[in-house]
Structures are given as structure tokens and as C-alpha cells.
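Each chain, letter by letter, is given below.
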Amino acid sequence: MTADKALLLVDGSSYLYRAFHALPDLRNREGEPTGAIYGIVAMLRRLRADGKLNGGATHGAVVFDAPGKTFRDDLYPQYKAQRSAMPEDLRAQIPMIHRIVRALGWPLLMIEGIEADDVIGTLAEQAGAMRLPTVVSTGDKDMAQLVNEHVRLVNTMTRDSGTAEWLDREGVIARFGVPPERIIDWLTLVGDSVDNVPGVDKVGPKTAVKLLSQYGSLDALVEQMAEVKGVVGENLRAARDWLPLARTLVTIRLDCDLGSDVVSIADSLGLEPERDAELLELFGRCGFRTWTRELEGRLGVKWGSTGAAALAGDESAGSSAAVEGAAPASGAGKDPTPNPTAVVEAPTWQPAAPIPLNPAERAYETVLDQASFERWLGRIHATDLVAFDTETTSLDPMQARLVGLSLSVEPGEACYIPVAHTYAGAPDQLSLEFVLGRLRDWLEDETCAKVGQNLKYDAHVLENHGITLRGIAHDTLLQSYVLEAHRNHDMDSLANRHLDRRTIRYEEVAGKGAHQIGFDQVPIETAGPYAAEDAEVTLHLHRVMYPRLKAEAALEHIYRDVELPVSRVLQRMERHGVLIDAHALSVQSHDLGRQLMALEQKAHEAAGQAFNLGSTKQLGEILFGQLGLPVVKKTAGGAPSTDEEVLAKLAEDYPLPKLLLEWRGLSKLKSTYTDKLPRMVDPRTGRVHTSYSQAVAVTGRLSSSEPNLQNIPVRTAEGRRIREAFIAPPGCRIVSADYSQIELRIMAHLSRDEGLLTAFARGQDVHRATAAEIFGVDAEAVTSEQRRYAKVINFGLIYGMSAFGLAANLGIERDAARNYIERYFARYPGVRRYMDDTRQRAHDQGYVETVFGRRLWLAEINGPSGPRRAAAERAAINAPMQGTAADLIKMSMIVVQRWLDDSGLASRLVMQVHDELVLEVPEDELEIVRAGVCERMSGVAQLDVPLLVEAGAGLNWEQAH
């Protein structure tokens, strides 16, 4: 083979399990598991496409373990004996994986009696003899022994920000502390728990590195074993007879007889092109919709046209909309706040057959003259429901200006009316003033029903031009959110999922990244079909999704009576904004800067040297290298983690981690709030205008951005000072109305536990009442410490806290924590019954519900991963409480806003944060508003426990608490 050839070997067995456990429980329409298949395909295609990852490979193979014994099993019967049987859901995917690997153009090797590691080692050795550059793609640390001048390792499953972990000679030394030729010695000492190969007792990675550095090799260490002192020396000497066998077990063989499977690398392992027709069939069966469509476009055929099952309906129930990268469009006119967390999706219903619509049947018109405009004006006035969308200059709703607008009256029929395309050579367009002047009556008419995708954004855009949008009858973003909150809600994903349609992406008309142009610079002939499609697809989606909502009374109630009306309240709140004292923030920012400098100096002293507190690499070297602090957990790349959880654990015993936590907290306050908030003040209004997103949190809670008002820390004095900068204008006060212990009250309602219901009905301090029950004392005799314990238990159990978590939280022994929990359940049996019933219901139906019927999907509740399944069970217990609280605060916003409007009061809702409403109230309305808001929030729904609302007032938000 010539020097321009290279070899790429893929450790298929290593990636098989990792793909299976890394991805959610994906399934095709027949309910067959597909997650591991997807992971393997994605990895192999990425390897072939990325020359930096594959080393310019011309030859290669994917190597899997063959079933049955190998020589290691004969040498050591306990070899891999601790491994559980392969999960059935993974076993079921292996035949399809093998077929797809071959169809992707990869030679596949699975040689009886020889482990995949030994096949790879033998091929790498052969390639080295030919001076053939070789890349081994694996996540197995044992493979580090193969690294030499010709062989490198790459692990693509630790990719972070587009990078992969590479191990050449220097990389092996950096990661393991020893060079590749000493990895076998290192593994012999440390052992391999994955393969059930014991090492030397009490000899971990650091000790092994120290011994090998001191003695040079395992052989030299064995010769001088007598001089090794202490427990390590004793254990080494006790393991002397075991070490030769251990070394054999961890050594990858380089001389296996691969038989007829590999005549030679040149003749047997050439990488071939993908076999598109075969892949179309296989991807279609798996439900990998995005890949299927790519092949359909390339081949010019529809999957199923040659006899396979027809491609209709949803993708794998896990879903390719998120996993296959159907990213929400970022263009103006699209949903500007798609769900970023909807990466893992749960099973849902089979989609109804979409309205048949071929591309040739879509009649899109670009309106450039008055006659055409008048014709469309007549059509929308004669239509019961019209889809409406805007194209704009910005995704910032307060800054966006109209570039054009689109209308649709029937699926397949739509128009685009450009008004402000300003590129050189743009054709004449109807003026913005003319178009809005003629449309104003229709736009502001409450009786003219409109449907859109995130119409809250379009309402802001029109208000920027002096028009108040009315008649919002439907919103497809909110329909999707109520139907399936766990999934993506951008229009492109919805069209893909519900209509089996691929829409024009914003990037296709405006470009990407630094080369992206504003929509006003997009040629009208290109902009027209894109913009018209926005409106037409929205109407088409409504026709498909809304009947499903109507079929479920509870879901339609959430959509019609909660999400739609609260969207209008939110738009008004965003528009009004909240007043900020920029000077107060500037003073606080200066104070925080001084505190940060002092903390930095203390941290340097504690570390014994200067270092960058923001560098995780330097921090890891100091904490675990120089100071020798215990490693609590590791990152995906194998490095000791320095995240907040780790620092909090270490801070219990060491001063530097505690200083680092303080520094991080203050640094975030400064950068996120005290520095940033003054820059976010709109110069036209003098206020900050946050954006509230309804379709993000699966529990129904609102989220806010630019700025994020939900994350202002209030447990520290510095955090509370930030709230002091949210002020009332002259002659007004800030009023804060907050539900008291809302989730505990919802727990009492849901569990129907007599003890909790009684405590709340009598207006008792529920934490004191719980402490009295758990500790067996009168309520009057409960100490402050006992009440604190009870509070942690009350709130901890809501979030599914285990005995381990409670023990850590309270700083007590686990047995004591377990006893407290058992006493709690003995006194409140209804709570345990609720938790058990809720877990079972979640497993049975894949979701739980709020008191008002909102569905809260749990993607991993029946998944293959034990830890994820346990986390889903904990979420199942808490989600109905969080979701019901979210419903209550939204309902409160609606009734409070309606009361303010009907009463002619000047008070304004300005913020919603967690379970709290914040208002700006003229001083002469203060008493009536405080009383009126409390009355309406507490009476918004009738639960089995009273809803208690507390309201305070002050010159700023903090004073109002």
C-alpha cells in the first residue's frame, strides 16, 4: 500500500453499549428499539465525513465481539463474569446494526473466539509493519497500549463544542501518567473492573503511576518488591503470584490469526461508498426520518415505493425531530423561543392523516400591486379563520420592524406582501403605510379570527407600528405545547412531525453565521415562497392539531382558558417592562468587584500560588494534583470534575473550594445582573423588557430571558440587593403577591392525606406540625432544629429525595435519615400512597397530570437506563405539584389582569417569578390592589386546602417582600 493510504478501525463493541445508554429510548412505529442503531450510524457517518477525525482513511473496519468464549475465559473463568446479560432491547438491534454498517460501506469484522480488542490490535500491528497511519476509534482505555508512532486513538463520544478526545503518545501520558508502553503494567496494577480483572488491592491509578515512575516497569517493581513499604508493599507481595495472569488478561494480542476474514488490509478492508438504495430501506424501517428524506431527495424516490411499508406518520417515538438535529429556525417570523430542553421525547399518539398536499398544489403569491392586495383583503374578510405571520428585521420583539407579512386562507394557498425589502435593485413594493393603513381595521378587529405561530411576537411587532393585534383565536405554538410539551415546537419541527412536510429553513434564504443577511436584504423572489409558506403551514398545522385538542376536554381547557389568554397578559407585561435603578446596580457592581478581588487573593493564598479562578484546567491541577484533594467525580473526558456539586462537597472539609464557590457566585451576579442589566434598559422607555416563554418548561412554568428574572438568587444578601434595583416610578409602589407553601398545599390536595389536610385547614405551621408528628412531641415543644429537619423532609419528599439525599442535606447518618422518612410516612400514609400510585400511573401511561389536566410527559419512565428511570420516577412525583402551581399562577395572572381592566385601575402587572406576581401600583390604589390581588389569587381555584397569598409593598421589589 502507498503512503497516501490510511486505516480507520472502529471498536464497535465499545460504542455499542455507549450508544445504547447515551440515547433515549428511541423506537420506530412498530415499537422496536432503535436508539443504539441511531448512535452507531451517527458516529460512523461523522467519522467518514470528518477528515480530521478519520485521519484521511481509505481503509477501515468496524469490529464487534463475536458471541462465545475466548482464550481469556479459559485462562480465568471469572473473566467478565460480573457483567449482566445484554439488555434485550440492545440485543434486538444488533442484526439491524450489522446490516446498516455494511450498507454504510464499512467492512464488518466479528471473528469467532477472538475479542474485538485483539482483532483491532492485530490489524494495527499489521498496519504498523506497513508504516500505514492508523486511527482507532474507541472509548476503551485498554486500547491506549496500542498507541505508537503509527497508531492514534480518537474518542468521538466525549465531543465537547465540536472536539473529540485524541490520544497520541503525549496524550496517553497526559491522561494516564505513563507512556503507552507502560499501560499494560499500569492496568495490571490497577486492574480492570469492566472485565472483572482484579488489580493489586489499594493500588489506584495515582499509586500505580507513582510506583512505575519510581521503579520504571512492572518487572523492575516485582524484582524490588521487598523494599516497598507499608500497606502497598504488603498488598503487592500478596498479589505476586496473580500478576503474571493479570498481565496476560489485560494485554491486547497483536498476533491473532484472522483467517479468511482478512486476506490483507489492502484487499479486504477498503472503505466503499454508501449503498443509498439499501440505506433508504433500512433508515425507513427504523423511522430515521431526516436521513430517509435526504436519501429520497438524492435518489428521487419515496421510501416504500418499491414495496416497503409506506413512510407515513411520526418518526421514532424518541424522536428524530430532536435527536436528528431538526434545529429550530432562527429567522424572523419563526418561533423565537423554541424549547431548548426538548431533546428527549416520550411516546405520543399516532398522528392523524395530514391533509393531502403536494408541492405542485401550493399556490403562493407575492403581492406587489394594489389590485392583488385588494383581492387578498377581500379574501381575508370573507374567511372565518386566517393565518397571519410577519417577517421582520430582528428577533427582539421590542426592536423588530416589519419587512413584510403573509396571509393564508386555505392549506396550499397563501400570499406574501413585502413592504420593506431594501437591497439594491429590489422591485417596487406597496408602502408600509398603505398596507398597514388598509389592514388596520382587520388586524384590530376582535371578531376577525386569526391563527399564528407564536402570535405574542407578532403582536409586539405590530405594536411597534402603532397597531394593537386583536382577534387571536389560535396559536399553533401553544397547541403543540399543550399536546406534547416534551417535544420541539418550532414550525419546522411541527411541519415535519404532523404534516410530513419539510419546510424552507430560514438559513436557506438568508444564509448562516457571519454571512447571514437581514430579511430585508433577501431577494423578494426568494423571500416570497418562504414567507407565504410560514402562514400556509401554520393554517395547515392548526387544521391537524386543534381537533386533537378538542378531543381531550382537559387539554382544550388548558389551551383555551389558560395558555391563550395568559399569552395576551404576558405580551402586555413585556411591553410595559419594569423600571431599573441603573445607578444602584453600578454601585453594587463596584462593591462586587472589590469582594471578588479579595476572594481571589484569599484563593491564591490557600492554593499557595496565583492562578486563574475561571480556568477549570488550572483549578483541577491545583485541587487534585498539587493539593491532592479527593476526586469526587470525573468529566466525560475522564478528568476530575470541578463543577459546583463537587466544590460544595469538598467545601465541607477544605477552605479553597469554599472560596471558589463564593467567587463563582459573586462573579455570576456581577456579569449576569449588576453589569448587564443597566445595558438592557430600553432608551425609549427607560425600562427593562424581559421576554416570557410559555413553551419551554415541560411542567408549564414560565421562563424569562433577556434578562432571566427566574434565577436571581435571593438567599444571599448580594442577591437580594439586586432586587432593590427593580423600583417603582414616582408616586407608585411595588407590590409582590406570593403563594405561601403552594407545592406542599398541592401535595395535601393530591394525596388527600388527613394529617396534612387538617394542618392546612387549621392554619397550622405545617413544618412544626410535621416535626411534632415525626419526633412525637407537642407542637409547642418543637425546637427550631426539629422544625428545620421537618422542613427539609417536607420539601425533600416533594422532589423525591432519598434517605441518602436527606442524610447529606441534614448532615446526619443515613440510617437516621431513613428512620425520619419512615416516621413521616407512618404519620402521613396518604403521601406514600400518592407517591406509589403516581409512579405506577407514570409507568402505565408515560405521563402524569396536574390537578387541571395538563399532561406532563416523562421520556425515560420506561427507558433502559436505571438511573434515568429513577430520575423520571422522582420527576413523576414532583411534576404534578410544579405543574399545578404553574397552572395556578397563570390563572391568577388572567383573573388579576381582567379585574384591573374591568375596575379601570391604573395598576400594572410587571413581572411573574416562580409563584409570585409583581405589580406597579399608584399609591392611591395601594390598599385596594393588595387586597384585591390576594383575594383573586387565593380564590382562583378550589382545592381541598385553602390557598394562602401574602402581599407586601415597597419602593422596590426587595422591600415588597
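Structure: see above.
To keep things clear, this report deals only with the structure shown in the data block. All figures in this text were calculated on a predicted structure; none of them were measured in a lab.

Concerning the overall build of the protein
Secondary structure summary: the protein contains 39 helices and 25 strands in total. Taking 2.2 N^0.38 as the reference for a compact globule, 961 residues should give roughly 30 Å; the C-alpha atoms of the protein span a radius of gyration of 32 Å, in line with that estimate. Structurally, the protein occupies a C-alpha span of about 95 × 80 × 55 Å along its principal axes. A burial count over the protein gives 55% of its 961 residues as buried. For the protein, contacts bridging at least 24 residues in sequence account for 69% of all contacts bridging at least 6. Surface accessibility of the protein: about 40300 Å² in total, with carbon and sulfur atoms responsible for 50%. Each charge class in the protein can be summarised by its mean position, and for the 104 positive and 132 negative side chains these summaries are 2 Å apart.

Re the nonpolar core
Among the nonpolar cores identified, the biggest contains 128 residues, and Phe 726, Leu 888 and Leu 919 are the most heavily contacted of them. The biggest single contributor to this core is helix 38 (residues 866-903), with eleven residues. With sequence-adjacent residues up to four places away left out, Phe 726 is seen in contact with Val 578, Leu 579, Ile 580, Leu 677, Leu 709, Ile 712, Ile 734, Met 911, Asn 956 and Trp 957. Membership of the second largest hydrophobic core comes to 58 residues, among which are Met 143, Phe 176, Leu 211 and Leu 218.

Focus on the sheet that holds strand 19 (residues 726-727)
Taken in spatial order, the three strands of this open sheet run 16-15-19, and their pairing is antiparallel. Looking at strand neighbours, the two that pair on one side only are strand 16 (687-688) and strand 19, the edges of this open sheet.

Focus on the pattern of salt bridges
Pairing is possible between side chains of opposite charge, provided their charged atoms come close. Under the criterion given, the structure shown has 58 salt bridges. The shortest N-O distance in the salt bridge between Glu 645 and Lys 633 comes to 3.1 Å. Of this pair, Glu 645 sits in helix 28 (residues 644-650) while Lys 633 is found in the loop between helix 27 (616-626) and helix 28, placing the two residues twelve residues apart along the sequence. Under the relative-accessibility criterion, Glu 645 is labelled exposed at 56%. Look at Lys 633 and you get partly exposed, because its relative accessible area is 31%. In this structure, Arg 818 and Asp 815 form a salt bridge, with 2.9 Å as the shortest nitrogen-oxygen distance. Of this pair, Arg 818 and Asp 815 both sit in helix 36 (residues 814-827), three residues apart, roughly one helical turn. Members of the salt-bridge network, linked through shared partners, are Arg 72, Lys 80, Glu 115 and Asp 118.

A short note on the packing of helix 25 (residues 553-576) against helix 38
Each pair of packed helices gets described by two things: the angle between the helix axes and the distance between those axes. Between helix 25 and helix 38, whose axes approach to 9 Å, the crossing angle comes to 60 degrees. As far as their axial angle goes, helix 38 and helix 25 are oblique. The way helix 25 lies across helix 38 gives a crossing that is left-handed. Two secondary-structure elements touch here, helix 25 through Ile 558, Asp 561, Val 562, Glu 563, Pro 565, Val 566, Val 569, Leu 570, Arg 572 and Met 573 and helix 38 through Asp 887, Lys 890, Met 891, Met 893, Ile 894, Gln 897 and Asp 901. For the contact of helix 25 with helix 38, the per-class residue count stands at ten nonpolar, one polar and six charged.

Things to note about the pairing of strand 13 (residues 449-452)
Of the two faces of strand 13, the one carrying Ala 449 and Val 451 and the one carrying Lys 450 and Gly 452 are both buried. Strand direction decides the pairing type here: strand 10 (residues 385-392) and strand 13, joined by three bridges, are parallel. Paired with Ala 387 across the strands is Val 451, a residue of strand 13. Bridge analysis of strand 13 against strand 14 (residues 472-475) gives three bridges, and the strand direction is parallel. Residue pairing across strands places Lys 450 opposite Ile 472, the latter belonging to strand 14.

Quick look at the pairing of strand 23 (residues 908-913)
Regular strands have side chains that alternate between both faces of the sheet. Among the six residues that make up strand 23, five are buried, leaving the element largely enclosed by the rest of the structure. For strand 23 and strand 24 (residues 916-922), the ladder comprises five bridges, and the chain directions are antiparallel. In the strand pairing of strand 24, Gln 912 is matched with Leu 917. Linking two consecutive strands that pair antiparallel, namely strand 23 and strand 24, is a turn of two residues; a positive phi of about 55 degrees is found at His 914 within it.

A look at the environment of Gly 719
Assignment of secondary structure puts Gly 719 in helix 30 (residues 717-724). Using a relative accessible area of 0% as the deciding quantity, one classes Gly 719 as buried. Between the alpha carbons of Gly 719 and Leu 669 there is a distance of 7.3 Å; along the sequence they are 50 residues apart. Apart from residues lying up to four places away in sequence, Gly 719 is in contact with Leu 669, Ile 712 and Pro 713.

Here's the deal with the environment of Met 881
Within the secondary structure, Met 881 sits in helix 38. By relative accessible area, which is 0% here, Met 881 ends up buried. For Met 881 and Glu 115, which are 766 residues apart along the polypeptide, the C-alpha to C-alpha distance reads 51 Å. What Met 881 contacts, discounting residues up to four positions off in sequence, is Glu 743, Ile 746, Met 747, Leu 750, Ile 798 and Tyr 834.

So, helix 15 (residues 276-286)
Burial analysis of helix 15 places eight of its eleven residues in the buried class, which makes it a mostly covered element. Within helix 15, burial applies to Asp 276, Leu 279, Leu 280, Glu 281, Leu 282, Phe 283, Gly 284 and Cys 286. On its buried face, helix 15 is in contact with helix 2 (35-49), helix 6 (94-103) and helix 16 (289-299). The first or second residue beyond helix 15 is Gly 287, which carries a positive phi of 85 degrees.

Looking at the packing of helix 37 (residues 829-845) against helix 38
Across the interface, helix 37 lies against helix 38 with an axial gap of 9 Å and an inter-helix angle of 115 degrees. Classified by the interaxial angle, the pair formed by helix 37 and helix 38 is roughly perpendicular. Crossing of helix 37 over helix 38 shows right-handed handedness. Seen from helix 37, the contacting residues are Tyr 834, Met 835, Thr 838, Arg 839, Ala 842 and His 843; seen from helix 38, they are Arg 869, Glu 873, Ala 876, Ile 877, Pro 880 and Met 881. Class assignment of the residues belonging to the contact of helix 37 with helix 38 gives a composition of seven nonpolar, two polar and three charged.

What about the state of the cysteines?
Tallying each qualifying case throughout the model produces zero disulfides. Looking at Cys 415, it has no disulfide partner, and the nearest cysteine sulfur is the one in Cys 448, 16 Å off. Cys 934 carries a free sulfur, and the closest cysteine sulfur to it, the one in Cys 732, is 18 Å from it.

Some thoughts on the packing of aromatic side chains
Scanning all chains against the criterion turns up 21 aromatic pairs. Judged by centre distance (5.4 Å) and plane angle (65 degrees), the ring pair of Phe 775 and Tyr 820 falls under edge-to-face. Note that Phe 775 is positioned in helix 33 (residues 766-775) and Tyr 820 in helix 36, a separation of 45 residues in sequence. Taken together, the aromatic side chains of Tyr 38, Phe 283, Phe 288 and Trp 291 make up a single cluster linked through ring pairs.

A closer look at the layout of surface pockets
The space that makes up the second largest pocket amounts to roughly 1400 Å³. Lining the second largest pocket are 28 residues, and of these Val 714, Arg 715, Phe 795, Tyr 799 and His 914 lie nearest its centre. At the level of elements, strand 20 (732-739), helix 31 (742-751) and helix 34 (784-798) are the ones that each hand at least two residues to the lining of the second largest pocket. Sorting elements by how many residues they give to the lining of the second largest pocket places helix 34 first, with three residues. Among the residues forming the lining of the second largest pocket, the class breakdown is twelve nonpolar, eight polar and eight charged.

A short note on the environment of Arg 841
Positionally, Arg 841 belongs in helix 37. What Arg 841 contacts, discounting residues up to four positions off in sequence, is Gly 846 and Tyr 847.

Digging into the sheet that holds strand 13
Sheet architecture is open: six strands sit in the order 9-12-11-10-13-14, paired in mixed fashion. Both outer strands of the open sheet, strand 9 (363-366) and strand 14, are each paired with one neighbouring strand and no more. Neighbour-to-neighbour, the strand axes of this sheet turn through a mean angle of 25 degrees, independent of strand direction. In this structure, strand 9 lies alongside strand 12 (residues 413-418), joined through four bridges in parallel fashion. In the sheet register, Thr 366 faces strand 12, and the bridge partner there is Tyr 416.

Rules used in this analysis
Residues numbered from 1 in each chain as written. Predicted model: local features only at pLDDT ≥ 70, side-chain atom pairs only at ≥ 80, totals over all residues. Heavy atoms only, no water. Helix = DSSP H or I, 4+ residues; strand = E, 2+ residues; numbered from the N terminus. Rg over C-alpha atoms; globule rule 2.2 N^0.38 Å. Buried < 20%, exposed > 50% of the residue type's maximum accessible area, 1.4 Å probe, protein only. Contact = heavy atoms within 4.5 Å. Areas by Shrake-Rupley, 256 points an atom, 1.4 Å probe, with all protein chains shown as cover. Lys, Arg positive; Asp, Glu negative; His and termini not counted. Charge placed at Lys NZ, Arg CZ, Asp CG, Glu CD. Core = buried A, V, L, I, M, F, W, Y, C linked by side-chain atoms within 4.5 Å. Pairing = 2+ DSSP bridges. Salt bridge = Lys/Arg side-chain N within 4 Å of Asp/Glu carboxyl O. Axes fitted to C-alpha atoms, helices over the stretch in contact; angles between N-to-C directions. Parallel < 35°, antiparallel > 145°, perpendicular 65-115°, else oblique. Left-handed = near helix turned anticlockwise from the far one by under 90°. Nonpolar A, V, L, I, M, F, W, Y, C, P; charged D, E, K, R; others polar. Disulfide = S-S within 2.5 Å. Phe/Tyr/Trp six-rings, centres within 6.5 Å; stacked < 30°, edge-to-face > 60°. 1 Å grid on protein atoms, 1.4 Å probe; cavity = no way out; pocket = protein on both sides within 12 Å on 5 of 7 lines; lining within 4 Å. Points joined across faces, edges and corners; volume = space filled by probe spheres on them.

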